[in-house]
Amino acid sequence: MKTKSILPALFIATTLFLMACGGNDEPKETQEVGFELQASLKGLTYQKAYLSEYKEGEMIKIDSANVKDGAFSFKGELTLPEVRYVSFNDGKEMFPVFIENSTILISGSLASPDSIIITGSAPQKIVDDFKKGLKSHEAKMNEIVDRYYAAEDKGDEEAMKS
């Protein structure tokens, strides 16, 4: 019986002890808050980069940065991770990036969108891993679609169903 009454008190004491030991003693004003997106893209000739969000069916520019030697950066703060778009040339060239309050690095070449690498964002890594998983099925899906259209062109109903 005594053990049952001691366990809750021991649990509370341990929790309070861990709370007192944990955390950061640094004052809140000096703690790093927000995100910093640092990009360096080969062959980038545009003078301005824009950070935009998609809201109510429109792309809305929320920040801009000067581009120097292919490099630019954005800083800000979010309450939750969000997808934003880095764009150039009035939005004709853009790519999405999941931003959270961390340092996010972007490298690659705008001329080859598949070469763009984004690191430092956990949500972005999840999306990238998902895309890699889809690519493993892409060839099989293309084969099925090609067979279907070939059968459709021949009017082969049986082949279209298989």
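Our subject in this report is the structure included herewith.

Quick notes on the rules
Residues numbered from 1 in each chain as written. Predicted model: local features only at pLDDT ≥ 70, side-chain atom pairs only at ≥ 80, totals over all residues. Heavy atoms only, no water. Pairing = 2+ DSSP bridges. Helix = DSSP H or I, 4+ residues; strand = E, 2+ residues; numbered from the N terminus. Axes fitted to C-alpha atoms, helices over the stretch in contact; angles between N-to-C directions. Patch = residues over 30% accessible without salt bridge, like charges linked within 9 Å, V, L, I, M, F, W, Y side chains within 5 Å. Areas by Shrake-Rupley, 256 points an atom, 1.4 Å probe, with all protein chains shown as cover. Salt bridge = Lys/Arg side-chain N within 4 Å of Asp/Glu carboxyl O. Core = buried A, V, L, I, M, F, W, Y, C linked by side-chain atoms within 4.5 Å. Buried < 20%, exposed > 50% of the residue type's maximum accessible area, 1.4 Å probe, protein only. Lys, Arg positive; Asp, Glu negative; His and termini not counted. Charge placed at Lys NZ, Arg CZ, Asp CG, Glu CD.

This brings us to the sheet that holds strand 7 (residues 103-109). One open sheet accounts for four strands, arranged 4-1-7-8; its pairing is mixed. Every interior strand has two partners, whereas the edge strands, strand 4 (71-76) and strand 8 (112-119), have only one. Mean inter-strand twist for the sheet, computed between neighbouring axes without regard to direction, equals 15°. By the bridge criterion, six bridges tie strand 1 (residues 35-42) to strand 4 in an arrangement that is antiparallel. Considered in strand 4, the bridge of E36 is made with K75.

Taken together, the side chains of Y54, M59 and M94 make up a nonpolar region of the molecular surface, amounting to roughly 300 Å² of accessible area. In this fold, M94 is placed in strand 6 (residues 93-99).

This part takes up the pairing of strand 6. Where strand 5 (residues 82-88) lies against strand 6, seven bridges are found, and the strand directions are antiparallel. Note on strand 6: the bridge partner recorded for Y85 is P96. Where strand 5 hands over to strand 6, the hairpin turn is made up of four residues, of which N89 adopts a positive phi near 55°.

Grouped together as the largest cluster of nonpolar side chains are 22 residues, with contacts concentrated most on L37, F72, F88, F95 and I106. Elements with a minimum of two residues in this core: strand 1, strand 2 (48-55), strand 4, strand 5, strand 6, strand 7 and strand 8. With four residues, the top contributor of residues to this core is strand 1.

What follows is about a negative patch on the surface. A cluster of acidic side chains, namely E152, D153, D156, E157 and E158, defines a negative patch on the protein surface. Checked against the element boundaries, E158 lands in helix 3 (residues 157-161). Taking the relative accessible area as the measure of exposure, E158 reaches 58% and is therefore exposed.

Let us look at the pattern of salt bridges. Two side chains of opposite charge can pair, provided their charged atoms sit close to one another. Inspection of the entire model under this criterion finds four salt bridges. For R84, the salt bridge identified is with E53, shortest N-O distance 3.7 Å. Highlighted residues: R84 in strand 5 and E53 in strand 2, separated in sequence by 31 residues. With its nearest N and O atoms 2.6 Å apart, the salt bridge here joins R84 to E82. Relative accessible area serves as the criterion here: at 28%, E82 is assigned to the partly exposed category.

Attention now goes to the sheet that holds strand 6. The strand order across the open sheet built from four strands is 3-2-5-6, with neighbouring strands paired in antiparallel fashion. The two strands at the open ends of the sheet, each matched to only one other strand, are strand 3 (58-66) and strand 6. Mean inter-strand twist for the sheet, computed between neighbouring axes without regard to direction, equals 30°.

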